[in-house]
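Chain residues, written in single-letter form:
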Amino acid sequence: MDFNSLVEEAQRLNNETQYTGELPRAKLTISQVLQATNELHTRVTQIESQDIQAQQLLGSKGIDLSKISQKLESLNTRNVLEPLNPISEIDVENFLKNEKENAILSVIEEVNKNGFQLSQKRRWEHIKAEWRDEKVKIMNTLGSSSQNWIGIENLPEQTVINETVGLRSCLNNIEMAYAREVYDYNSLVIKGAFRPNLVQKLSEIAKNFKDINVCEIWEIMKYMVDVTPVSCHSDPLQSRNQIKQFVEQAKKYLENRYKLYMSSIIGSNLREAQRGGIPSTFNLVSAFVGLNFNKSNWFCLQDVDIDGRPLWPMVYYCLRCGDMRSALRCLLMGRSGHEDFIQLLEDKINKPEQQINSKLEGQLKLQYFNEIKNSTDPYKKAVYCIGVGCDINDQHVEVVRTTDDFLWMQLSILRHEAAEHSESLTYSGLQVMILEKYGEKYFNANEQQHLYFQVLALTGQFEAAIEFLARSEKYRAHAVHIGLALNEMMLIEGPRNVEEPLLSIDIKDSVPKRRLNLARLIMLYVKKFEMTDPAEALQYYYFLRNLKDSGGRNLFLVCVSHLAIESRNYDLLFGRMMPNGVPSGGLLQQFDCVNFDSRTAANIIGDELVRKGMFEDAIKLYDLADMQSYSLRCLSLLLSQVVHQSSKRGSLRERLVILVTEYSERLRGSRIECEAQIVVTFNLLSELISFFDYYHEYKYQLALEILAKTKLVPSSMAELEESLNNFKGLGSEITKVYPDILLAKMDILYSQYKMLKGKDTGILNSESDNRLQYLRQQAKALTNMAAIIPYRMPGDTNRRLVQTEILMN
């Protein structure tokens, strides 16, 4: 069947189909449908897919997109924000119009530019503040310098920050014992009494810890600080290198320690030692040498002629015990041939403050290098090196067996003033050797922290010793209190900037001097317990009272501010303000003295809280600082934001209302030292609290009575001028809540209007009519007031006022 036959058959079937009336009859033939389909296909294929989807979507809603497109194309699509081209100045009207539009566009552009710059500035300030905080956290965990990095292998740093804040103290028994002693010491300082030796006090406390290593650490510090007091105006680092007493005290500790060792050895072998006679260093050494030397090990020794004891071990151990007179006695008892060395010892004994005769010292050095250096007696070589300070590179391994021996030997051969053209070991040279040449790895510091601390402390490197000890959780508390004690005695030096790392190098200091950031050490230590034990934290912060931060602020005040803001326990720190206007004593009251005032601290913290936007806390701090004007201003500022809200349990508004009540009762009848405008604003807000409370409780008549007393809004057109003048004298806190006052009163008027209309039975009497008219007049006065006041009302305020007024007419 061809296509024509098919068309004829379809037309025949269509004619034979009976019309039921439910469906419309087809008005188009098949050819017409085909033609319409081709036209539709042609038109659709010329439109993009998005346009097709749009037409389908809008078409389903009965919208013809083509007609809308035509209408849009006919509109003027001129971009009003594009700069206008200048026209001829002859056309005055168009020129002025063009200039006006250009001025508007320039203002818009300027505002947009300034807004963008301001937002960028604040964004960068926020980013810098965050990075500054992160930098402080990072630097707190570093033990190296920001100027010259120190080559020290730091131990893994353990955090001391306690993330969980509770009522239980974070101080252990050792830390609490130290804290009690610190409190007693600060109490004496605040009272201006005589300051005790803090090292002595803390070392007595350390004896109760039953830790031998800790006791040895404090014993060393007792020896090292037993020197002539250092002036508070001198440089501790420079003074330490100039005072010979530090070397003598270190030697004295090592010598006394060795005498105890010798006594313990002899005590364990009393029968073999055969110690007798009057107790003395000579007899002690003689018994010790007799135990350790016999004919089987004398083959390399020389001059065995002192009661059967070898001469040079006797001399060495006498010197090792710090008894030069006993060493001289040994030489005098020996054979001849040591006259020059005897003369040297006599000069040192009789003239300890004078410099040794250079000629005599030169002869002994020459004798040492020509004869004794190659001697088989190691004790004789060691004694000569000690006497004249020569051959500083010889380790004397046959004689030096322990770290104490090594350190004592180095301290014995060093010279405070290096002779010209000679090889001598100086104090700074010894410090470089211990800290940089050998360092922590040589002394196995990871396993023996106390030992490396002793080596550093005995060589006068207190800063490095404290920093090293503070890295260990076990010894951190002891390191902190050693630092506190030495700082009180002016024996350690801090960096020029408190933001430096814990241990730093100052480029102006000589090698190998270090500077200890005591402020960072204390703050890291206190961070652990400042939330749970604020009383103890304040005692440690008090040691920072003479330091300044990078902004020139007192560091004690800065730490107090940080603690107060973080804990928000202002009542504990500053006390509470009593109803009589006198604050009860807080923890900070004990520190009130010439250099510190708790009210000043409260004022500083209040300023910081305002800067952070914590106005509610600032109210209390300003009140404690006797700054009622600032306190009332912050209270009014917060109250203006919530006074129009309904009261809810635990809300900001409820808390502020309590504060307002306390202020009103306390300040009633007393003179307030602040601006009159602040007091007026506070009193108005106090009245508005009652107004909105009655409004939300539907006590409309009481609310209107209170509002009428304030004279903030007109009750009639006659009062419009007076209310407008009153508005111009209002503070920003009142003008901010003014739209809510207008809406609240308009709502009250409308509620009263509906109530009167609801009672209407169809016949209005004159009294009801007058009452309705009076309500309409008040509503009209409100809308007029809203229209003329010099204040930009929120978007829908005027609309709501006008709509309500219309409903009442």
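The present account deals with the structure reproduced in this document. If you're wondering where the values come from, they're calculated on a predicted model, not measured in any experiment.

### Points about the nonpolar core
So, step 1. Ranked by size, the top nonpolar core spans 210 residues in total, and within it Met221, Tyr316, Tyr540, Phe574, Leu688 and Tyr738 carry the most contacts.
So, step 2. Setting aside residues up to four positions removed in sequence, methionine 221 forms contacts with Val199, Phe453, Ala457, Phe462, Ile482 and Leu486.

### Focus on the packing of aromatic side chains
So, step 1. On inspection of all chains with the given rule, the structure shows 37 aromatic pairs.
So, step 2. With centroids separated by 5.4 Å and ring planes inclined at 70°, the aromatic side chains of tyrosine 223 and tyrosine 253 adopt a geometry described as edge-to-face. Of the two residues, tyrosine 223 is situated in helix 8 (residues 212-224) and tyrosine 253 in helix 10 (residues 245-268); the sequence distance between them amounts to 30 residues.
So, step 3. Judged by its relative accessible area of 17%, tyrosine 223 falls in the buried class.
So, step 4. A relative accessible area of 6% places tyrosine 253 in the buried class.
So, step 5. With a centroid separation of 6.0 Å and 65° between ring planes, the pair formed by phenylalanine 529 and tyrosine 540 is classed as edge-to-face. Placement of phenylalanine 529 in the loop between helix 23 (518-526) and helix 24 (534-541) and of tyrosine 540 in helix 24 is noted, with a sequence separation of eleven residues between them.
So, step 6. A connected cluster of aromatic rings, assembled from ring pairs, spans Tyr258, Tyr261, Phe288, Phe293, Tyr316, Tyr317, Tyr379 and Trp408.

### Let's talk about the state of the cysteines
So, step 1. Counted under the stated rule, the structure contains zero disulfides.
So, step 2. The structure places no disulfide on cysteine 318, whose sulfur is separated from the nearest cysteine sulfur, that of cysteine 330, by 4.0 Å.
So, step 3. By relative accessible area, which is 0% here, cysteine 318 ends up buried.

### Concerning the side chain of arginine 520
So, step 1. If you trace the backbone, arginine 520 turns up in helix 23.
So, step 2. Look at arginine 520: it is buried, it has no salt bridge, and the nearest opposite charge is glutamate 499 at 6.6 Å.
So, step 3. Engagement of the side chain of arginine 520 in a polar contact is seen with the backbone oxygen of glutamate 500, the distance being 2.7 Å.

### Side note on helix 28 (residues 615-624)
So, step 1. Most of helix 28 is tucked away, with seven of its ten residues classed as buried.
So, step 2. If you check which residues of helix 28 are buried, you get Asp617, Ala618, Ile619, Leu621, Tyr622, Asp623 and Leu624.
So, step 3. Summarising the contacts, the buried residues of helix 28 are in contact with helix 26 (570-574), helix 27 (598-611), helix 29 (628-642) and helix 30 (652-667).

### Things to note about the pattern of salt bridges
So, step 1. Tallied over the entire structure, the rule returns 28 salt bridges.
So, step 2. Note that arginine 257 is salt-bridged to aspartate 404, the shortest N-O span being 2.6 Å. Of the two residues, arginine 257 is situated in helix 10 and aspartate 404 in helix 18 (residues 403-413); the sequence distance between them amounts to 147 residues.
So, step 3. For aspartate 404, a relative accessible area of 17% gives the class buried.
So, step 4. Linking arginine 471 and glutamate 467 is a salt bridge whose minimum nitrogen-to-oxygen distance equals 3.1 Å.
So, step 5. You can call arginine 471 buried: its relative accessible area is 7%.
So, step 6. It is possible to trace a salt-bridge network through shared partners that takes in Glu493, Arg496, Asp506, Asp509 and Arg515.

About the criteria used
- Residues numbered from 1 in each chain as written.
- Predicted model: local features only at pLDDT ≥ 70, side-chain atom pairs only at ≥ 80, totals over all residues.
- Heavy atoms only, no water.
- Core = buried A, V, L, I, M, F, W, Y, C linked by side-chain atoms within 4.5 Å.
- Buried < 20%, exposed > 50% of the residue type's maximum accessible area, 1.4 Å probe, protein only.
- Contact = heavy atoms within 4.5 Å.
- Phe/Tyr/Trp six-rings, centres within 6.5 Å; stacked < 30°, edge-to-face > 60°.
- Helix = DSSP H or I, 4+ residues; strand = E, 2+ residues; numbered from the N terminus.
- Disulfide = S-S within 2.5 Å.
- Lys, Arg positive; Asp, Glu negative; His and termini not counted.
- Salt bridge = Lys/Arg side-chain N within 4 Å of Asp/Glu carboxyl O.
- Polar contact = N/O pair within 3.5 Å; in protein donor to acceptor, adjacent residues only side chain to side chain.

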